Amino acid sequence: MIFLKLTNQKNKHTDLSNTGKKLSEGIIKTISAVLCTALISQIGFVNAAVSDEQVSGVYTSAKNGQAVINNLKYTDISKAEYDLKDAVYQNGALGIFPSPGSTKFNPNGSISKEMALYLVYMAANRAQDIASQGQTLNDARTAAQKKTGLQAVLYDGSLQLAANDGLITLQNLADALQTDQSGLDAAAFKRSTSVTRQEFATWLAKALMLPPVYNQQELFNSYSDWKSAKAENVPYIEAILENNIMSGDGKGNFNPNQAITRSQAARILKNAENVILPLRGMEKRTATIEEKRSTKDTSKGYQIDYNTYYVRNSDGLLDSISVEAQYQKPTTTTNEITGNAQVASRTEIPVCKNGNITNSSSLSTGDRIEYIAGLEDKTVYYARVLSSNKEIGYKAAIINSVNTAARSINITPLKQEIEYPNQEVSEPKPQTYSDGSIVYENKSYSNGVINALTKSKVDVSSIKPGSVVIIGINQDMIVEITPVTVKKEREQGLVAGIVEENNPQLGYLTLYNEDGTGKTPLEASTLRTFNYADPNDVKVYKNHVPAELSDIEPGDTVFVRIDDEGAVSSISGVPNYSIYYGKIVNMKISSVTVETEKGKQLIFNTNGVDVIKDGKLTKISQLKNGDKVKLIVNNAPNISVLKEIVIEGGDRLVANVYKGIFESYDDLSNKIMISNPWVLTKGQWMKNTTDPFMTIAVGNNFKAFFGGNERAAKTLNTLLSGTTVYIASEKDYGNGENGVVASFIDDLDKEVAYNDKVYNTASSNNFTLGKALERISFDNGTIVVKDGRLVQGSSVTADDYAYVMANRDSETGKLVAGVVSIENRPGTEAVQLYRGRISSIDEYKSVTLQSYAKLDGVNWNYANTPMTFNLTADTRITDTDGIAGQGDFSSYSGASTFYDRTIYILSDGTNAVEISTAPYGSYSITGEVTEMTGGTTGDDGNILKQPDGIALRNCKYYDAAKHLWVSIKDSKFVLLTNSLVIKNNKRINPSELKKGDKIKVLKKDNTVTGDAYIVIVEE
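Residues numbered from 1 in each chain as written. Predicted model: local features only at pLDDT ≥ 70, side-chain atom pairs only at ≥ 80, totals over all residues. Heavy atoms only, no water.

1. Topic: the overall build of the protein
Summing up its helical and strand segments, the protein has 14 helices and 58 strands in all. Of all intrachain contacts in the protein linking residues separated by at least 6 positions in sequence, the fraction that spans at least 24 positions is 60%. Accessible surface computed for the protein: about 50,700 Å², of which carbon and sulfur atoms make up 47%. (Helix = DSSP H or I, 4+ residues; strand = E, 2+ residues; numbered from the N terminus. Contact = heavy atoms within 4.5 Å. Areas by Shrake-Rupley, 256 points an atom, 1.4 Å probe, with all protein chains shown as cover.)

Okay, structure coming up:
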């Protein structure tokens, strides 16, 4: 690689003679060839597989690497444990825990508070911040008071930054900056005193931005001395423990008040590398050194020596790591005694090998290394040798599957021992465990994997499951694959089985046994593959009628006729369909989990599945958690293929979530009575009735829970009367509602409400809120509403906006969600509302505005340019008399023309969703809906007349001149026929506005009465 670079540089020189004459192209080529030959001879023989392979990642070494190595040669840790040496060397090489100028590490020495803060900020990649804060403090001092030592300035900066970030208090900072520390009282914060384990854990968690954990019973309460920790530190200690950064003394004690030693600090920082490295823009990689090449470059007028290590990374790809030494000429950097040129600059890799700190010269071919490199600068800052082994071991195996994306092969080793790659395999007997079950192993393979006999590169994707091979393994990675032919008797006549795969394009059919055995290619000869000589000549029957070969599907039971040549001549099959009814509990990219009516959960792959809604095919994206579905599944003993999902008609949407005091359950009328009823609206409990009692009908699928456990309905009256209860109801097929789940709450627990965004869902039964940084648990009794449907807690995902009603356990302090309502936040930033004057209309196709203004918050941003919107079949046009047909929407001259009229357009991109001729509203008024008036509802609950009035409280109008929101009295506005009501950038009916909705109204003035032209739901 280097010699190619040098050749190209030589080719750029067109004047190589002393006389300045140009050399011919032929001479230059000759010189290039000579240079290449010379360099190749210096490099030596190059492994064919490596030289032909493209390098995936190119890495360099650190410019100060040798200086780091020299600083890490401590004389007092030579007999220390290997893990401590590795921790000290790694932290020192990354600049987190340096001890410059000292030959001793002092592992048993203590860590002061100021040094602890410095260490946690260095770990968090805040070096520039502490330097800046320290310099600012020092600049403010008088000349006599200024500190001259760099480390003292950095400690000051760490203290100041810790106060800014809340790691210590301002009083702590004032104490720490006192010049006379001896004059402080015993309770003061003395910067030089030893830091305790709980202080170090808390500061490290905060600096690394680990979310505090408030349900401590899982880890921290397992230590007998946890109560000796300060209460405010406990959530952060728990976070440190959960991330396996610190642990106890092995005797059930955490020792919160014990001082941290330097060796403990080094190990703790090493344990936190999974958090620290991303913050520092670094990653840890593993690889095996396959080759080392040495080259020289003198093309720049001075000499550069390169040592390049070609390494096979854990993904099987080839990377290179280079170390260089530069010798400057003319010799301004010569040794004054010998006159020899000396190195002007050098890059190096600090290497830990056999517990010693050394440089890259200790690395050898076959070494398996772990190294830390920058994600952007591709510089290797530290490496350690895990093992040294150049030998390739061989074993015979059956290929189960190949995953080219993960660069891995699943194999089952055979019992026969293999010593060399061309050894014959007499009989492929798989290795088994003591219980008789077959051994399966998953191994990574090298991107340069070769055939051991031909030395040619192997196309791994072409290896078929069931193949018998001999694999060569080096450092637990497959580097060689050699196929082995094992002869089997050909099957003839009539065979039966269950289809595993039918591939007419590639010409083969694979069957399991009739009893379903043979799901893997290891169980005797049970997984059988037959070829189609010519797929067009095969006679095919499905359900006893002629069919196409492609109609034979996985899961079908088939009878296959095999001719004398061993090929399929005819095939007859029948499907094994089963029907399940249930509810979707988890939708993923390529799978769906359904809970059947009997409570059993089934998981299916959704590739190629048909989804039907309202009798029509639809996209799989239309499926939502909580949907009631019918599944059609092709079942066989060892395979189930989902063929069709039918979304049952009438979305079972959640109508309301209620809260009240449970009074009684009537099993005859199937109704629940609660007192003091409240309804959940936008994360708040609101009264929607003045009645002191409410009766709620419940369906046959009603379930009740207390403490996460299901309770029989017949026990509710005797065990839970007078208990607070949450009840979720679903809309029925009319306009009523039925209670489907009730969650009873221990009245000793305190309810806490959150309106927040989910930060993460790291564990299976809890999630963390972004703003509150609270971890919320859920159980079987938690009522979770998403997309308007009842779903399981596992449907809560990161970035969901959630209203949470949680209850803090009176004994443990753990927060358990009673209700989680995941709702889109409408806002106004998503609204695409335009206003302009019509210049032309292309009937049924488009409408063009002369110029336009777009709503942006409270302002209309004007653009003096035409804009065209598409008319679609869904575009609705509302005029003063009501809805106008698109046939009437024209710009022809006449009394009814829309030409030159001013309109609002609610758009989806360039498509007009709604067009309204409502008047121009220049004033913005906000408020909370208290009542909708003027509407009428039939006995069946259907809306007969839409509301035409709206009442608001907590109202404000926007004063554009002062750029302020000004409070005004409660307001009542009239909704016109062509008034536009918008939610989530969609037009809704006025009846869909709910009490408690926070809205913005556009009207012509700031009075508390009048016409509302535009209504936008904001929250």
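Further notes follow.
2. Quick word on the pattern of salt bridges
One side chain can pair with another of opposite charge once the charged atoms of both are near each other. Using the criterion set out here, one finds 39 salt bridges in the structure. One salt bridge in this structure joins E774 and R808, with 3.7 Å as the shortest N-O distance. With E774 in the loop between β37 (766–769) and β38 (775–777) and R808 in strand β41 (residues 801–808), this residue pair connects regions lying 34 residues apart in the sequence. Note that K1003 and D1005 form a salt bridge whose closest N and O atoms lie 2.5 Å from each other. (Salt bridge = Lys/Arg side-chain N within 4 Å of Asp/Glu carboxyl O.)

3. A short note on helix α11 (residues 234–242)
In terms of burial, α11 is a largely internal element, eight of the nine residues being buried. Just downstream of α11 lies N244, where phi reads positive at about 55°. (Buried < 20%, exposed > 50% of the residue type's maximum accessible area, 1.4 Å probe, protein only.)

4. Overview of the sheet that holds strand β19 (residues 545–546)
The strand order across the open sheet built from seven strands is β17-β16-β15-β20-β21-β18-β19, with neighbouring strands paired in mixed fashion. Bordering the open sheet on either side are β17 (528–531) and β19, each of which pairs with just one other strand. Here strand β18 (residues 539–542) runs beside β19; their pairing, made up of two bridges, is antiparallel. Bridge assignment links Y541 to a residue of β19, and that residue is P546. (Pairing = 2+ DSSP bridges.)

5. Overview of unusual backbone geometry
The backbone phi angle of N354 is positive, close to 55°, even though this residue is not glycine. With respect to the helices and strands, N354 occurs in the loop between β6 (351–353) and β7 (356–358). Of note, H544 is a non-glycine position whose phi angle comes to about 75°, a positive value. By secondary structure assignment, the location of H544 is in the loop between β18 and β19.

6. Looking at the pairing of strand β9 (residues 379–388)
By the bridge criterion, two bridges tie strand β1 (residues 57–61) to β9 in an arrangement that is parallel. Note that in β9 the partner of T60 across the bridge is T379. Direction of pairing for β6 relative to β9: parallel, over a ladder of two bridges. Bridge pairing in β9 places V351 opposite A383. Here seven bridges tie strand β8 (residues 367–374) to β9, and the two strands are oriented antiparallel to one another. Of the residues in β9, the one forming a bridge with Y371 is A383. Between β8 and the antiparallel strand that follows it, β9, lie four residues; K378 among them carries a positive phi value of about 55°.

7. Points about the packing of aromatic side chains
In total, this model carries 14 aromatic pairs according to the counting rule given. The lysine or arginine in question, K206, covers the ring of Y236, its NZ or CZ lying 4.9 Å from the ring centre. Sitting over the ring of Y904, R835 keeps its end group 4.5 Å from the ring centre. (Phe/Tyr/Trp six-rings, centres within 6.5 Å; stacked < 30°, edge-to-face > 60°. Lys NZ or Arg CZ within 6 Å of the ring centre and 35° of its normal.)

8. Some points on the packing of helix α10 (residues 197–207) against α11
Relative orientation of the contacting elements α10 and α11 amounts to 75°, with a least axis distance of 8 Å. When the axes of α10 and α11 are compared, the pair comes out roughly perpendicular. Residues Q198, A201, T202, L204, A205 and K206 of α10 touch α11, and the partners they reach there are Y236, I237 and I240. Each residue belonging to the contact of α10 with α11 can be placed in one class, and the counts come to six nonpolar, two polar and one charged. (Axes fitted to C-alpha atoms, helices over the stretch in contact; angles between N-to-C directions. Parallel < 35°, antiparallel > 145°, perpendicular 65-115°, else oblique. Nonpolar A, V, L, I, M, F, W, Y, C, P; charged D, E, K, R; others polar.)

9. Considerations on the environment of E480
Mapped onto the elements, E480 comes out in strand β14 (residues 477–484). For E480 and Y445, which are 35 residues apart along the polypeptide, the C-alpha to C-alpha distance reads 8.5 Å. In this view, E480 contacts I392, Y394, V449, I450, A452, I470, I471 and G472; residues no more than four positions away in its chain are not counted. Engagement of the side chain of E480 in a polar contact is seen with the side chain of Y394, the distance being 2.8 Å. (Polar contact = N/O pair within 3.5 Å; in protein donor to acceptor, adjacent residues only side chain to side chain.)

10. Quick notes on the confidence of the model for the protein
Of the residues in the protein, 87% reach a pLDDT of 70 or more, and the chain-wide mean stands at 82. Within the model, pLDDT remains below 50 along residues 1–49, and this stretch shows 42 contacts once partners closer than five positions in the same chain are excluded. Considering only residues more than four positions removed or in separate chains, one finds that residues 518–526, a stretch of pLDDT under 50, has 26 contacts. (pLDDT = per-residue confidence, 0-100.)

11. A word on the environment of I237
By the element assignment, I237 lies in helix α11. In sequence terms I237 and F254 are 17 residues apart; their C-alpha atoms lie 9.9 Å from each other.

12. Overview of helix α12 (residues 262–271)
With seven of its ten residues buried, α12 lies for the most part within the structure. At its buried positions, α12 is contacted by α5 (82–93), α6 (113–123), α10, α13 (273–279) and β2 (282–297).

13. Looking at the environment of S795
Mapped onto the secondary structure, S795 falls in the loop between β40 (789–791) and β41. A residue is classified by how much of its surface remains accessible, and S795, at 2% relative accessible area, is buried.

14. Let's talk about the side chain of K113
Note that K113 resides in helix α6. On the accessibility criterion, K113 (9% relative accessible area) is buried. Those residues in contact with K113 that sit more than four places away from it in its chain are F189, K190, R191, T193, S194, V195, E199 and W203.

15. Topic: the pairing of strand β21 (residues 568–574)
Alignment of β18 against β21, held across four bridges, turns out to be parallel. Across the sheet, residue Y541 finds its bridge partner in β21, namely S572. Pairing geometry for strand β20 (residues 557–562) and β21, over six bridges, is antiparallel. Bridge pairing links V560 to I571 in β21. Between β20 and the antiparallel strand that follows it, β21, lie five residues; G566 among them carries a positive phi value of about 85°.

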